[in-house]
Amino acid sequence: MAKVEVDFDVCEANALCEAMAPDVFYVDDDDFLQVEDPTVTDENRDRVQRAVAVCPKSALRINEDA
């Protein structure tokens, strides 16, 4: 089962991923990125892939082996 992973050392919580996949990502009140559910499913794969693609810091990736 694939999972989305975040490199929090480089993530700037720009919220572009949240805009692409709000069911997966959100920026909390303290401006930290949170992952609601890291599971990549058939239903959310396109949205998660778009989120990974638009991340300006390349802090997101899909781990197909997770």
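Residues numbered from 1 in each chain as written. Predicted model: local features only at pLDDT ≥ 70, side-chain atom pairs only at ≥ 80, totals over all residues. Heavy atoms only, no water.

**Q** Tell me about the overall build of the protein, and name the residues and values.
**A** Secondary structure summary: the protein contains 2 helices and 4 strands in total. For the protein, the α and β elements follow one another from N to C terminus as β-α-β-β-α-β. Computed over the C-alpha atoms, the radius of gyration of the protein is 11 Å, within 12% of the 11 Å expected from 2.2 N^0.38 for a compact globule of 66 residues. By principal-axis analysis of the C-alpha atoms, the protein measures approximately 30 × 20 × 15 Å. Buried residues in the protein amount to 30% of all 66 residues. By sequence separation, contacts in the protein at least 24 residues apart represent 59% of the contacts at least 6 residues apart. Carbon and sulfur atoms form 44% of the exposed surface of the protein, whose accessible area is close to 4200 Å². Here the protein contributes 6 positive and 17 negative side-chain charges, whose respective centroids are spaced 7 Å apart. (Helix = DSSP H or I, 4+ residues; strand = E, 2+ residues; numbered from the N terminus. Rg over C-alpha atoms; globule rule 2.2 N^0.38 Å. Buried < 20%, exposed > 50% of the residue type's maximum accessible area, 1.4 Å probe, protein only. Contact = heavy atoms within 4.5 Å. Areas by Shrake-Rupley, 256 points an atom, 1.4 Å probe, with all protein chains shown as cover. Lys, Arg positive; Asp, Glu negative; His and termini not counted. Charge placed at Lys NZ, Arg CZ, Asp CG, Glu CD.)

**Q** Give me the pattern of salt bridges: which residues, what numbers.
**A** Applying the stated criterion to the full structure yields 4 salt bridges. We note a salt bridge from lysine 57 to glutamate 12, for which the minimum N-O separation is 3.8 Å. Taken as a pair, lysine 57 in the loop between helix H2 (45–54) and strand E4 (60–63) and glutamate 12 in the loop between strand E1 (3–6) and helix H1 (16–20) lie far apart in primary sequence, 45 residues in all. The exposure class assigned to lysine 57 is partly exposed, which follows from its relative accessible area of 38%. When the shortest N-O distance is used, the salt bridge between aspartate 23 and arginine 47 registers 2.7 Å. Linking aspartate 23 in the loop between H1 and strand E2 (25–27) with arginine 47 in helix H2, this pair joins segments that are 24 residues apart in sequence. (Salt bridge = Lys/Arg side-chain N within 4 Å of Asp/Glu carboxyl O.)

**Q** Tell me about the pairing of E1, and please be specific about residues and values.
**A** Because side chains alternate across E1, one face comprises the buried residues Val4 and Val6, and the other comprises Lys3 and Glu5, none of which is buried. As paired elements, E1 and E4 share 4 bridges and run antiparallel to each other. If you follow valine 6 over to E4, its bridge partner there is leucine 60. (Pairing = 2+ DSSP bridges.)

**Q** Quick rundown of the environment of threonine 39? Include the residues and the values.
**A** Note on placement: threonine 39 falls in the loop between strand E3 (33–35) and H2. Remark: the alpha-carbon pair of threonine 39 and alanine 51, spanning 12 residues in sequence, is separated by 14 Å. A polar contact of 3.3 Å, which involves the side chain of threonine 39, links it to the side chain of lysine 3. (Polar contact = N/O pair within 3.5 Å; in protein donor to acceptor, adjacent residues only side chain to side chain.)

Treat this as a map of the structure, not an account of what it does.
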